Structures are given as C-alpha cells and as structure tokens.
Amino acid sequence: MNKSFILKPKLKDYEPIIGRSALEELKALADKLSGKRILNINSTYIGGGVAEILARMVPFMNELGIDARWSVIKGDNEFFNITKKFHNALHGKKEEFKDNEFEYFLEVNRRNSQELDLLSDIIFIHDPQPVALIQKRGHTGQKWLWRCHIDISNPDEKIWNFIKNYVEKYDAAVFSAPNFAKMLNIRMFLIYPSIDPLSNKNRELSREQINAVLDKYGIDKKKPIILQVSRFDYLKDPVGVIKAFEMVRKNMPCQLILAGGTATDDPESDKVLAEVKEVAWKNPDIHILLLPPDSDIEINALQRAATVIIQKSLKEGFGLTVTEALWKGKPVVASAVGGILLQIKHKITGLLCHSVEGAAYAIKTLLTNPEYAKRLGENGHAHVRQNFLITRHLKDYLLLFLCQYYKEELIYL
Ligand code: UDP
C-alpha cells in the first residue's frame, strides 16, 4: 500500500480544519516570543508519542518564526534499561534498583549536560530520562520546564522521590491530565494530549484505501462492524468486549474486530492475546487482528470502516484511540474511566458504560438508531476539533512559554 503523503504538513495545511483565525492567533502568540530561543530535550528522535509530537511541534514553531530546536541525550543500553525501570516504577510497577543505578543515571545526565549546547532562553525537558540536566542550571535567567508525558499519579514512592528532587528545581512542570499529576511546590500546568488530523493515522482515506484494508483482513463489508483498537492488555478488557459483542450478536447481525499489537516490553500481552483467541475461536464473526507496529493507515481504515467503536478499558490514561474514533465522526461506546471522561460527554459526544451489560446495551442502541449514532459522531468530531488537535497543543505550548515571562499577569495579545 502506498504510505506516502505530505510527510511534513505546514501550518497552512490545517487552515481548512481549524480556520484562519486560529492560525492568526498562533502567529500573534509566536510574535510575542520573538527573540527567545527554545530548546526541547528528550531521549530519542524516533519512536514513541513524544518524538512524534516533537517532530511536528519544532517545525511548526520554526514556521512561526520561533527559534526552536530539539536535541536528544545520549545513553547506552545500561542507561536506557535503568530509565525503562524508572518508567515502569513511575507507573506503579514494583522494580528492584541498586544504588549504583541511580549513580549511573546521574552520571549520564551529567555527561550530557556537558556535551549539549544548552544556550537557550527556555529549556523544555521531556519525561524523566533527561530530568537531571537541571543540575547544569546556572544563574542566567534561563527558564527550565519539565514536561511529563506519563501518568505518575500512583508511582513507586522511592523512584518518585528521587525524580521529584530534580523536578522541583524547575520553574514549572506540565502534565497531560489532572489524573496523571502529582502535587509539586513549583508552578504546574495542564496540557492535554492531541492527535494530528493530517497524520496517516487520522487523515481522510479514499473508499478504495479503506476497502483494501478490509479485504486484506477478510472483513465482510456488508455487516456492521464493532471495533476496538488497543494493545492486548487486561486493562483494555478485550474479553469484556467479546462478552458484550456476543450479547449484541444474539439479536442482530454484526461482527467484531479486536485490532492491536503485543508490546515487546509487556510480557503479559502474549498471555492476553492467547486468552482472547481462546474465547473467540468458535465465533467466525470475531476477527482478532494482530497488527505490526507502523500500522497507522490500517488503523485509520478500520476506524473509518467501523459502525461503532468501543473502548471498554478498565483503566485508561488519556485514551487516544477514543480521540481518533471521535475525530472520524464515529459513535463511540467507552468506559467512564481516566481521560475518556474528558472526551465522552454521555449522550452528547458518545455513550459511557460501566459494565459488559451496559456496553452491550449502548452498542445495541447505536446500531438500532443510526440517526442518533450519527449525531453523537458529529458532536464528537466537533469536540475533538475544538479541544484535542495538535494545533491546540501548539497554542498551549506557546502560552506556556509566554507565561514564564508574564507570571500571573494577564497576557494581552
Ligand atoms: N495503537 C497502535 N497500534 C496498536 C494499538 C494501538 O498504533 O496495535 C495506537 C492507537 O491508535 C493510539 C495509541 O496507540 O494512537 C494508544 O493510545 P491510547 O492512549 O489509546 O492507549 P495506550 O496504549 O497508551 O494505553
């Protein structure tokens, strides 16, 4: 399949989606930052949501006339094994640490702080890996901001206390959702995640492209499709989705697609997948699609082909799959957990559920009321356009930077 597209959209490409005034607003904010140098630092140029967002944000800022740059810290396998354990422990997983691992983490940060060109007005550090670069902070009036992209609401306390020691040396910390954050004694900002409407995952696709993906996976084009896209993880409750589907399937013809990958860093995912296959194997209307990484167009096509999209998570971070589904104007049934509550306003932008039976009832409601389903989908699309697109994310970053100079005073554009 041809995956080529405008690889690097320009801001003007977003005008048909967000309107000219939103672009003018970005320009006005950017002008206020004229002369300021902004340096983003994370730990990789490729792979993962943070790198993906930076790969868009930095060129957007440059396009707006801002001197924004992006550097990464250098580390070896030992360093990244340690930071992976930090990551898991910050998510609440029990991990064993040796004292020399903390020392090595600091040593690599120290080495990077000597090698990196840190001449900038704002140093914007992403996630825990480079957090200790702050030790290089001098008395230059530089602003140091820490952007936390992960959920640290329930961390292993030992690791969090270690990281917090550095975080509280920053001018401010930025979290992605209220339920991801920890109280700190520095200024705190809330900036929601976003999706890029022009990425392969979300851009418009032709009917032929969608059909090609359905054919590739042997999906019946005539039967209504219920879809959940998720890693095979207990917290996404794939078995609960199958149970809800089977309740619906008793009364009306439809098919279920569970699409997702297993993560190499999650040993449990193979077990979950095996369990799902065991529950589903007798039912020819259930399609379990194991997607390789980089299946953005396939996911996009499946979401666009779906009649109803479900996200029956038992716990959820922000829930980007819900954002993606709403953006495609789909009626969504999703559990009332985590960031889903910011996205689904019950009976307005989708339907919330609290159980297998509730999910089945909501799916039936949508399948039997296409007009209602369509209205929810349209509202959902508008809600995402207003709140969860990358251009809003960019605006929040510009405001965040400006706030460092204007403190509590109002900013007049
Ligand atoms: N996703 C993917 N491949 C998969 C499963 C999910 O690319 O096999 C994408 C999905 O489209 C979404 C993201 O990964 O963009 C998952 O984000 P979400 O916040 O929904 O859940 P998480 O996996 O972070 O818990």
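My aim in this report is to walk through the structure given alongside it, one point at a time. Note that the structure is predicted; figures quoted are calculated from it, not measured.

## Re the overall build of the chain
Right, on to step 1. Summing up its helical and strand segments, the chain has 15 helices and 12 strands in all.
Right, on to step 2. At 22 Å, the chain has a C-alpha radius of gyration in line with the 22 Å of a compact globule built from 413 residues.
Right, on to step 3. Across its three principal directions, the C-alpha atoms of the chain cover 70 × 55 × 40 Å.
Right, on to step 4. For the chain, with 413 residues in total, the buried portion stands at 54%.
Right, on to step 5. When contacts within the chain are restricted to residue pairs at least 6 apart in sequence, those whose partners lie at least 24 apart make up 71%.
Right, on to step 6. Accessible surface, the chain: about 19,000 Å² in total, of which carbon and sulfur atoms supply 52%.
Right, on to step 7. Across the chain, 57 positive and 51 negative side-chain charges occur, with their mean positions spaced 3 Å apart.

## Notes on the pattern of salt bridges
Right, on to step 1. Tallying each qualifying case throughout the model produces 26 salt bridges.
Right, on to step 2. For E115, the salt bridge is made with K74, and the minimal N-O distance between the two is 3.9 Å. Note that E115 is positioned in helix α5 (residues 99–115) and K74 in the loop between β2 (67–72) and α4 (77–90), a separation of 41 residues in sequence.
Right, on to step 3. Since its relative accessible area comes to 52%, E115 is described here as exposed.
Right, on to step 4. The exposure class assigned to K74 is exposed, which follows from its relative accessible area of 60%.
Right, on to step 5. The salt bridge involving K223 is made with D285; its shortest N-O contact spans 2.6 Å. With K223 in the loop between α7 (207–216) and β7 (225–229) and D285 in the loop between α9 (268–280) and β9 (286–290), this pair connects stretches of sequence that are 62 residues apart.
Right, on to step 6. The network of salt bridges with common partners includes E107, R110 and R111.

## With respect to the site of the ligand
Right, on to step 1. Taken together, K201, S230, R231, K236, G260, G261, I299, E316, G319, L320, T321 and E324 are the residues near the ligand.
Right, on to step 2. Here K201 contributes a side-chain N or O atom positioned 3.0 Å from an oxygen atom of the ligand.
Right, on to step 3. One of the backbone N or O atoms of T321 is found 3.1 Å from an oxygen atom in the ligand.
Right, on to step 4. Considered on its own, the ligand offers 540 Å² of accessible surface; in the complex 73% of this is hidden by protein.
Right, on to step 5. The greatest single-element share of the shell around the ligand, amounting to three residues, is contributed by helix α11 (residues 320–327).

## Some words on the packing of aromatic side chains
To describe a pair of aromatic rings, one takes the distance between the centres and the angle between the planes.
Right, on to step 1. Per the stated rule, a full pass over the model turns up 20 aromatic pairs.
Right, on to step 2. For the pair Y14 and F60, a centre-to-centre distance of 5.5 Å together with 85° between the ring planes defines the contact as edge-to-face. Of the two residues, Y14 sits in the segment before α1 (15–18) while F60 sits in helix α3 (residues 49–63), which places them 46 residues apart along the sequence. With respect to class, Y14 is no different from F60; both count as buried.
Right, on to step 3. Their ring planes at 85° and their centres at 6.4 Å tell us that W146 and F175 sit as a pair that is edge-to-face. Of the two residues, W146 sits in strand β4 (residues 143–147) while F175 sits in strand β5 (residues 172–175), which places them 29 residues apart along the sequence.

## Focus on the packing of helix α8 (residues 238–249) against helix α13 (residues 356–368)
Right, on to step 1. It is the contact of α8 with α13, at a shortest axis distance of 8 Å, that shows an interaxial angle of 50°. One finds that α8 runs oblique with respect to α13. The handedness of the crossing between α8 and α13 comes out as right-handed. Packed against α8, whose contacting residues are G240, K243, A244, M247 and V248, the element α13 presents V356, E357, A359, A360, I363, K364 and L367 at the interface.

## Comments concerning the pairing of strand β8 (residues 255–260)
Looking along a regular strand, one sees the side chains alternate between the two faces of the sheet.
Right, on to step 1. Most of β8 is tucked away, with six of its six residues classed as buried.
Right, on to step 2. Going residue by residue along β8, you find Q255, I257 and A259 tucked away on one face and L256, L258 and G260 tucked away on the opposite face as well.

## Description of unusual backbone geometry
Right, on to step 1. Residue D294 is not a glycine yet carries a positive backbone phi of 65°.
Right, on to step 2. Mapped onto the fold, D294 is located in the loop between β9 and α10 (296–305).
Right, on to step 3. The exposure class of D294 is exposed, given its relative accessible area of 56%.
Right, on to step 4. In the Ramachandran plot, K347 falls in the positive-phi region, its phi being about 70° despite a non-glycine side chain.
Right, on to step 5. With respect to the helices and strands, the residue K347 is situated in the loop between α12 (340–343) and β12 (351–353).
Right, on to step 6. Note on K347: relative accessible area 54%, which makes it exposed.

## Points about the sheet that holds β8
Right, on to step 1. Strand order across the open sheet formed by six strands is β9-β8-β7-β10-β11-β12, with parallel pairing between neighbours. For this open sheet the edge positions go to β9 and β12, each flanked by a neighbour on one side alone. In this sheet, neighbouring strand axes are inclined to one another by 20° on average, regardless of whether the strands run parallel or antiparallel.
Right, on to step 2. Across five bridges, the pairing between β7 and β8 is parallel. Residue L227 lies in a different strand from β8, and its bridge partner there is I257.
Right, on to step 3. Packing of α8 onto the sheet brings it into contact with β7, β8, β9 and β10 (308–311), and relative to β8 it is tilted by some 170°.

## Quick look at the environment of A360
Right, on to step 1. With respect to the element layout, A360 can be found in helix α13.
Right, on to step 2. A360 sits in the buried class, given a relative accessible area of 3%.
Right, on to step 3. Along the backbone, A360 and I159 are 201 residues apart, and their C-alpha atoms lie at a distance of 41 Å.
Right, on to step 4. A360 has contacts with A244, M247 and V248, leaving out every residue within four places of it along the chain.

Rules of the game
- Residues numbered from 1 in each chain as written.
- Predicted model: local features only at pLDDT ≥ 70, side-chain atom pairs only at ≥ 80, totals over all residues.
- Heavy atoms only, no water.
- Helix = DSSP H or I, 4+ residues; strand = E, 2+ residues; numbered from the N terminus.
- Rg over C-alpha atoms; globule rule 2.2 N^0.38 Å.
- Buried < 20%, exposed > 50% of the residue type's maximum accessible area, 1.4 Å probe, protein only.
- Contact = heavy atoms within 4.5 Å.
- Areas by Shrake-Rupley, 256 points an atom, 1.4 Å probe, with all protein chains shown as cover.
- Lys, Arg positive; Asp, Glu negative; His and termini not counted.
- Charge placed at Lys NZ, Arg CZ, Asp CG, Glu CD.
- Salt bridge = Lys/Arg side-chain N within 4 Å of Asp/Glu carboxyl O.
- Near = heavy atom within 4 Å.
- Polar contact = N/O pair within 3.5 Å; in protein donor to acceptor, adjacent residues only side chain to side chain.
- Phe/Tyr/Trp six-rings, centres within 6.5 Å; stacked < 30°, edge-to-face > 60°.
- Axes fitted to C-alpha atoms, helices over the stretch in contact; angles between N-to-C directions.
- Parallel < 35°, antiparallel > 145°, perpendicular 65-115°, else oblique.
- Left-handed = near helix turned anticlockwise from the far one by under 90°.
- Pairing = 2+ DSSP bridges.

Function-wise, these values are silent; they only describe arrangement.
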